Structures are given as C-alpha cells and as structure tokens.
Amino acid sequence: MTSPNAGGQWVVRCADCGGTFSTQTEHSVCPACGGLLDVQRTTPWPSAAELVALFDSRSRIAARKDTSGQSGVWRYRELLFDVSGPIVSYPEGNTPLVRHSRTSSFSGVEDLVLKHEGMNPTGSFKDRGMTAGVTQARALGARGVACASTGNTSASLAAYAAIAGLPAYVFVPADGIALGKLTQTLAYGARTILVRGDFDRCLALVRDVARDEGVYLLNSVNPFRIEGQKAIAIELMHQLGWRAPDWISLPAGNLGNTSAIGKALREMLAAGLIERLPRILAVQAEHAAPFAESYAAHFSTRRVVRAETVATAIRIGNPASFDRAVRVIRETDGAVVSVSDSEILAAKAVIDAAGIGCEPASAASVAGIRHAVAHGLVRPTDTVVAILTGHVLKDPGVLTWYHRELEPRPLLANRPIVADDDAASLTRLMSGEWPHA
Ligand SMILES: [Zn+2]
C-alpha cells in the first residue's frame, strides 16, 4: 500500500499572524502570538472522483482487519493531515443517521435527520478529535497528554491515552461535571484533578502546567483535534450521498465543533465533493450564550458571560474557538440562536421517549430547530440534520432529577410508581391511565 497521504502536504498556520509551522509542531496555539492554529493542505486536493472511490472502497473493506478502514475518521484521511506514525484508533465514528416521527413533529421540520455522535466508543463526538490528537501526541513523542474539560473530552482523552499507553492528566471543575463522564474518566485510568474553579479557569491552568511538564495539550483548540472532528461532517455527507442538506444544527459551547464542521464543509466544497454549503445553526443555552449575543450584535464585539445551564457540555462563558466559529457562521450564511433550559429539557424528553436518547446539550440542537422554525428561519420543508453529541447515559443525574424529583412535574416526566406487593394492586395500576398523577 502507498503512503496514506500520497501527494498531500500540510502545514500548521496561525490564523492571527500567519506564522507557519510544520505538522510536527508541539504547540497547540501560536507560540509567537497566542493565536489559534489551523492545519492547512498546501497541495491541491485529489479529484472528487478519486476521493469518493477511496472512501467507498475503505467502507466496503471495513469488516476486514484494517483499523483505518473501520474508523469513521481515518477512512477520510486524505481530508485530514499527514500522519507520520501509527494511528491510535478504537475505531470510532460510523455513527448512525436516525429519524422518528415524534422528533420530527416536535422540531417542526417534516423529516428531521439526527446524526447520533453519542454512538462513538466513549459515548460522545469527542472520540473523533481524540483519535487524531492522541495519534499526533504519540508521533511527537509526548510524555503524556492533558486537557481541561466539562466531561466528555476527559472521558475520551482517558480512553485514547489508555489505548496508546500514555499517561493522561485531566483537569475538571470540582462542581458541574456529569456523573457518567467523571466515572468514565476514572475508569479509563486518567490522573484526574478536580479543580475548585470553573471550566474557563481549568483551561487557563492546564495551558501553563502542560507547558511546564512537557505533556501534549489536547484542548478543543488543538488543531489536530479539529482535523479529526471534521470527520463528523465528512461522514455525514458520505452517508447523504454527497448532497448537502439545507441546514446542520449543533449545540454550541466552546465552538470547537462549529469550527471543525465548518472547516470540513469548506474543504469538501473546495475538493468538489459537495456542490454547496449547508447553513450552520449553532445553538446555545440562554444563560451560556456569549456567541449568540455576539451574533445578535453582528459579531461587532466578543462577549464573555458567566455561564449557567443544565446542559453542562455547553456551559462555557468564553468560547476558545470563537474566531474560527465566526468565520463559519459568516461563510455558511448560518445563524446562532439560544434556547432556555426548559426548552432543552423538553426536547431531550421527546428524543429520549422516541427511544433515541441523548445527553442534555445534544438536545439543544433539536430545541434550536424548533425555535428557528417558529421564527421563520428554518422552513418545515427544509432538509435538516441535527447533531446529537452525546449518549443518554452521560448524565444520569439530570434524568433522575427530571423524571423523579422536579416540581411541578414536567408534562413529559415519567415517574416510576411504588406498588404494594400483591397482584391486585399491580393489576389496578396497569389498567389505569398512564402516567399517574
Ligand atoms: Zn500567531
């Protein structure tokens, strides 16, 4: 077999000062000015026909013992970056497109397609970026890997570091990490540090500590994580036969995902794989909405807020990938909206009760479509894909609270019923109306 990226050349370039580095750089942000780094291909893309033939052939051999073909990230490596060593893969990706009449009718879109990234190995979309990031860390000979995270990133980093045999250091806010995510991180063996501070503080601290300790920083701004995350959009277009939908809706917190999906779309358009750009709908929680507030002011200022929402994965007040995401909204003629926690929980209850299930932040993408349809931004006949970012079991605490404890009882709360241990009581309960008051 030829080299995986035969003919392709990549560099890492600073979006702010234009400084250019080799893809072997150990820096996650520009060492000269602190700006965000992007991986860029410097040679023309292979032809669309050539790419499609490669991607299709790897999909067909996916069942064979070829990890890079089985992976829904590395199958698309010509669109990612040149890897100099062996890849670290679970494998990941290959997430399903699902639809249900209840989620469609709730959203207001006739045929809403959900791409369920919660079906990745550790239960969130983060695995796509992490397979790329940890592969890069090992190629660079890093002594370890580190991140600050609201949860999903730590679980993913912990798993991929374990696969690679590298120590992982995880910094999480002592309050505000969902149970499923913290326990996963511990289970996969990461050295876990609960910081008495919020996410934004964790992010600042890990930057300093990683530099001092010589470990490779895998925060969401890491350019190679962005490259892996692009595969959400590439795999989606492959599944849709390379026909772009009218809209892609996604939860928006730190904006790494908005940036990655936007970069993938831009590059697929340049490579001739798609004929037009879908519009991006970035959805924030109303009390964690600095990006939505900036959008409302035509991005004239960069807002920072004190973030609060039940959707912990998007509880971020100062998004790290802000500038990249602004570009994506502008060039896709996209929009940024915010929805309340009760709208998020209502959408989640519908998605869960349809048998699909997702974590709270994921439901923001569907709540955002409902909001956008109600405001005439999205039409009921538009083709719309909503990205569900995490698995329903990521946040069991919210489920217990919503279904068993929250007062007044939400319409969709599914309260369990305690019964006496005799058949007559059980029969009476089963033949009665459900749910019981
Ligand atoms: Zn720079």
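From a predicted model like this one, the values you see are computed outputs, not experimental measurements. (Residues numbered from 1 in each chain as written. Predicted model: local features only at pLDDT ≥ 70, side-chain atom pairs only at ≥ 80, totals over all residues.)

S.K.: When you look at the overall build of the protein chain in this model, what are you seeing that I'm missing?
M.R.: Per the secondary structure count, the protein chain includes 16 helices and 13 strands. Taken over C-alpha atoms, the radius of gyration comes to 22 Å for the protein chain, in line with the 22 Å a tight globule of 437 residues would show. Going through the 437 residues of the protein chain one by one, you find that 52% of them count as buried. (Helix = DSSP H or I, 4+ residues; strand = E, 2+ residues; numbered from the N terminus. Rg over C-alpha atoms; globule rule 2.2 N^0.38 Å. Buried ≥ 20, exposed ≤ 12 C-beta atoms within 10 Å, placed from the backbone.)

S.K.: It is not clear to me how the sheet that holds strand β8 (residues 191–195) should be interpreted in this structure. Could you clarify?
M.R.: Hydrogen bonds between backbone atoms are what pair the strands of a sheet, whose relative direction is either parallel or antiparallel. Spatially, four strands are ordered β8-β7-β6-β9 in an open sheet, and the strand pairing comes out parallel. The sheet is open, and its two borders are formed by β8 and β9 (216–217), each paired with just one other strand. Direction of pairing for strand β7 (residues 168–173) relative to β8: parallel, over a ladder of five bridges. When the bridges of β8 are listed, V172 appears paired with L194. This element, helix α5 (residues 152–164), spans β6 (145–148) and β7 of the sheet and lies at about 170° to β7. (Pairing = 2+ DSSP bridges. Contact = placed C-beta atoms within 7 Å. Axes fitted to C-alpha atoms, helices over the stretch in contact; angles between N-to-C directions.)

S.K.: Got a minute to help me understand helix α12 (residues 322–331) in this structure?
M.R.: Given 3.6 residues per helical turn, the α-helix brings residues three or four places apart onto the same face. All of the buried residues along α12 are F322, R324, A325, V326, V328 and I329. Note on α12: the residue one or two positions beyond its end, D333, has a positive phi of about 55°.

S.K.: Can you help me understand the environment of E293 in this one?
M.R.: Residue placement: E293 occurs in helix α11 (residues 290–296). Assessed through the 16 C-beta atoms surrounding it within 10 Å, E293 is described here as partly exposed. Note: C-alpha distance between E293 and G35 (258 residues apart in sequence) is 23 Å.

S.K.: For this particular structure, what's the right way to read the environment of L186?
M.R.: By the secondary structure assignment, L186 is in helix α6 (residues 179–187). Residue classification places L186 among the partly exposed positions, given that 15 C-beta atoms sit within 10 Å. Separated by 32 residues in sequence, L186 and S154 have C-alpha atoms that sit 9.4 Å apart.

S.K.: Got a minute to help me understand the sheet that holds strand β13 (residues 384–388) in this structure?
M.R.: Across the sheet, which stays open at both edges, the six strands sit in the order β4-β5-β13-β10-β11-β12 with mixed pairing between neighbours. The strands lining the two open edges of the sheet, one partner per strand, are β4 (97–98) and β12 (335–339). Here strand β11 (residues 279–285) runs beside β12; their pairing, made up of five bridges, is parallel. Among the inter-strand pairings, A285 is bridged to a residue of β12, identified as V339.

S.K.: Quick question: what am I supposed to make of unusual backbone geometry here?
M.R.: With the exception of glycine, most residues fall at negative phi, and the peptide bonds are largely trans. Residue P91 follows Y90 across a cis peptide bond; omega there is 10°. Positionally, P91 belongs in the loop between α2 (67–70) and β4. Positive phi values are uncommon outside glycine, yet W242 reaches one of about 65°. With respect to the element layout, W242 can be found in the loop between α9 (231–239) and β10 (247–251). Despite not being glycine, H298 shows a phi value in the positive range, around 55°.

S.K.: What exactly am I supposed to notice about the pairing of β13 here?
M.R.: Both faces of the sheet carry side chains from a regular strand, because those side chains alternate between them. The buried fraction of β13 amounts to five of the five residues, a majority that puts the element mostly inside the structure. Burial of β13 is two-sided: the residues V384, A386 and L388 facing one way and the residues V385 and I387 facing the other way are all buried. Bridge count between strand β5 (residues 112–116) and β13: five bridges; the pairing is parallel. Each bridged residue has a counterpart across the sheet, and for H116 the counterpart in β13 is L388. Pairing between β10 and β13: three bridges, direction parallel. Residue pairing across strands places W247 opposite V384, the latter belonging to β13.

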